[in-house]
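# Coordinate inspection notes
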Amino acid sequence: MSGHYLAVDIGASSGRHIVGWREDGEIRAKEIYRFPNGVKEKDGRLIWDVDALFSHVKEGIRKALDEFGPLESLSIDTWGCDYVLLRGDEEAGPCYAYRDGRTEAVIPAVHKKVPFSELYAHTGCQFQPFNTIYQLCDDLQKGRLEGVTDFLMMPEYLMWKLTETKAREYTNATTTGLVNAKTREFDLEIVQKLGLPEKLFPKLIQPGTAIGEYEGVKVVLCAAHDTASAVEGIPMEGEQLYISSGTWSLLGVKSPVPHTDDKSREANWSNEGGVGYIRYQKNIMGMWIVNRLRDELCPDKPFPEIVAEAEASSFDRTVDANAQIFLAPDSMTAAFDEALDAKPQTIGDYFRCACRSLALSYRDAIRELEENTGRIYEKLYIVGGGAKNAFLNRLTEEATGKKVVALPIEATALGNLKIQMEVLPC
């Protein structure tokens, strides 16, 4: 028995393969493969190149086996909402990306059939225009569901390609807007009202279930939504606030029960699946803003230099970091210029504005959360790529009044590994 496990963690901009093992009671980890990811444009639509993704998944597994020998198990987590349609064992492409914007026209029709207040009372899922529920209804309206036998969320699709097992994992399913927050199964009442094929919504499977093998390695369902795995990977002291800071900033708390009340709906909080708990959280635009600004303004400038310029700036304007204009602009710089009444003059101005705006959005979200849950929290744990941004962390601590515990760790991969190790202890 080797005692080594493989976490494949794929985000919207990159993926990584991380091998983990237990040593002196701690999980040790080593990244052995990293690859780029990103949306592609095809026929005027934004799509994912699933063939390239799967090729990278296999290549990283090969490298892990070459370096570490036999592995106990592997698992895959990714972002939520997106999926692949299947007709039997054939993909029915393309695989649309959540930033595509194809759902705009269908959303009013969905809410006419099932008002959002009713959707929220059932699912507790926040409104986002790219939620799977709207994507599937667009597919239905356009005839794309003809002959479709399955839809698999991205991590389950990749694991099906490895094992030939079609599994539907609970935590990722909760990003669809189609899972009942109380029963923790697909809500067939909503499915029926929307006219979606019931056969696409079988029983959900909880994290920690082995579903097959690939190259002699057991394939296990982790918490397949990357934020769910990230929360599992945070070494929190008691129940505290967290931010999984990546392309999106997911801010929330672990809750034993869902909050599907009017206040939560009006403030657009989400109740998503965790490992034995609900993640009561909110999407905030996150490092997407900062990274896009860097790509446009100074792609080759080291981040410490950018931070130094932001700290030296005295630009005092801020934007609503969650405004629609920042979701998928042709130019992030132009989006900031349009949103502000005074145009930034330097690179430092743009980055200071972005970081201050994010910190204020965290402050506002925490105030809502504490009011909705009736609890006050002392600490805010920040993990993911954004945890490395000391300037943003300091601004966040000042804005929120919380003790920020920044952990620049691969929390998602650690949570993925933790679940595998609990299933197959070394």
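Rules used in this analysis
- Residues numbered from 1 in each chain as written.
- Predicted model: local features only at pLDDT ≥ 70, side-chain atom pairs only at ≥ 80, totals over all residues.
- Heavy atoms only, no water.
- Helix = DSSP H or I, 4+ residues; strand = E, 2+ residues; numbered from the N terminus.
- Buried < 20%, exposed > 50% of the residue type's maximum accessible area, 1.4 Å probe, protein only.
- Contact = heavy atoms within 4.5 Å.
- Axes fitted to C-alpha atoms, helices over the stretch in contact; angles between N-to-C directions.
- Parallel < 35°, antiparallel > 145°, perpendicular 65-115°, else oblique.
- Nonpolar A, V, L, I, M, F, W, Y, C, P; charged D, E, K, R; others polar.
- Pairing = 2+ DSSP bridges.
- Polar contact = N/O pair within 3.5 Å; in protein donor to acceptor, adjacent residues only side chain to side chain.
- Phe/Tyr/Trp six-rings, centres within 6.5 Å; stacked < 30°, edge-to-face > 60°.
- Lys NZ or Arg CZ within 6 Å of the ring centre and 35° of its normal.
- Arc of directions from axis to C-beta.

## Comments concerning the environment of S13
Along the polypeptide, S13 turns up in the loop between β1 (5–10) and β2 (14–23). A relative accessible area of 45% places S13 in the partly exposed class. Taking the C-alpha atoms as reference points, S13 and P256, separated by 243 residues in sequence, lie 32 Å from one another. Here S13 is in contact with P36, N37 and T247, once residues within four sequence places are set aside.

## Quick word on the packing of helix α10 (residues 287–297) against helix α13 (residues 347–373)
At a minimum axis distance of 10 Å, the contact between α10 and α13 shows a crossing angle of 170°. What the angle tells us is that α10 and α13 run roughly antiparallel. Contacts from I289, V290, L293, R294 and L297 in α10 reach I347, Y350, F351, A354 and L358 in α13. Its residues assigned to classes, the contact of α10 with α13 comprises 9 nonpolar, no polar and 1 charged.

## What to know about the pairing of strand β11 (residues 210–214)
When β11 meets strand β12 (residues 217–220), the two strands line up antiparallel, connected through 4 bridges. Across the sheet, residue E213 finds its bridge partner in β12, namely K218. Linking two consecutive strands that pair antiparallel, namely β11 and β12, is a turn of 2 residues; a positive phi of about 50° is found at E215 within it.

## Considerations on the side chain of N271
Residue placement: N271 occurs in strand β15 (residues 270–273). The class of N271 is buried, set by a relative accessible area of 3%. A distance of 2.7 Å separates a polar side-chain atom of N271 from the backbone nitrogen of H259. For N271, the contacting residues outside a window of four places in its chain are Y120, T123, G124, P258, H259, T260, I278, R279 and Y280.

## Some details on the environment of M153
Following the sequence through the fold, M153 ends up in strand β10 (residues 150–153). For the pair M153 and D82, spaced 71 residues apart in sequence, the C-alpha to C-alpha distance is 5.9 Å.

## Digging into the packing of helix α11 (residues 303–312) against α13
Here α11 crosses α13 at 85°, and the two axes come no closer than 7 Å. In this view, α11 runs roughly perpendicular relative to α13, as classed from their interaxial angle. Two secondary-structure elements touch here, α11 through I306, E309, A310 and E311 and α13 through I347, G348, F351 and R352. Grouping the amino acids of the contact of α11 with α13 by side-chain chemistry returns 4 nonpolar, 1 polar and 3 charged.

## Some remarks on the packing of aromatic side chains
Here the structure, examined in full by the defined rule, presents 15 aromatic pairs. Each ring, one from F127 and one from Y134, has its centre 5.6 Å from the other, and the planes form 65°; the classification is edge-to-face. When its relative accessible area of 28% is taken as the criterion, F127 is described as partly exposed. Between the aromatic rings of F130 and W248, the centroid separation amounts to 5.8 Å while the plane-to-plane angle is 55°, which identifies the pairing as tilted. In this pair, F130 sits in the loop between α3 (116–123) and α4 (132–141) while W248 sits in the loop between β13 (241–245) and β14 (249–255), placing the two residues 118 residues apart along the sequence. The exposure class of W248 is buried, given its relative accessible area of 13%. Joined through ring pairs, the aromatic side chains of Y83, F151, F186 and F201 make up one cluster. Across from the ring centre of W288, 3.8 Å away, lies the NZ or CZ of R99, which sits over that ring.

## Topic: α11
The periodicity of an α-helix, 3.6 residues per turn, causes residues three or four positions apart to be oriented the same way. Considered for burial, the residues of α11 that qualify are I306, V307 and A310. Buried positions in α11, seen along its axis, are confined to an arc of 100° and lie on one side of it. Exposed and oriented more than 90 degrees from the buried face of α11 are P304 and A312. Taken together, the buried residues of α11 touch α10, α13 and α14 (390–400).

## Digging into the sheet that holds β10
Here 3 strands make up an open sheet; going across it, the order is β8-β7-β10 and the pairing antiparallel. Each edge of the sheet is formed by a strand with only one pairing partner; in this case those strands are β8 (90–91) and β10. Summarising the sheet, strand β7 (residues 83–87) and β10 pair through 4 bridges and their orientation is antiparallel. From the neighbouring strand, L85 faces β10, where its bridge partner is F151. The strands touched by helix α5 (residues 154–163) are β7, β8 and β10; relative to β10, the strand with the most contacts, the crossing angle is about 105°.

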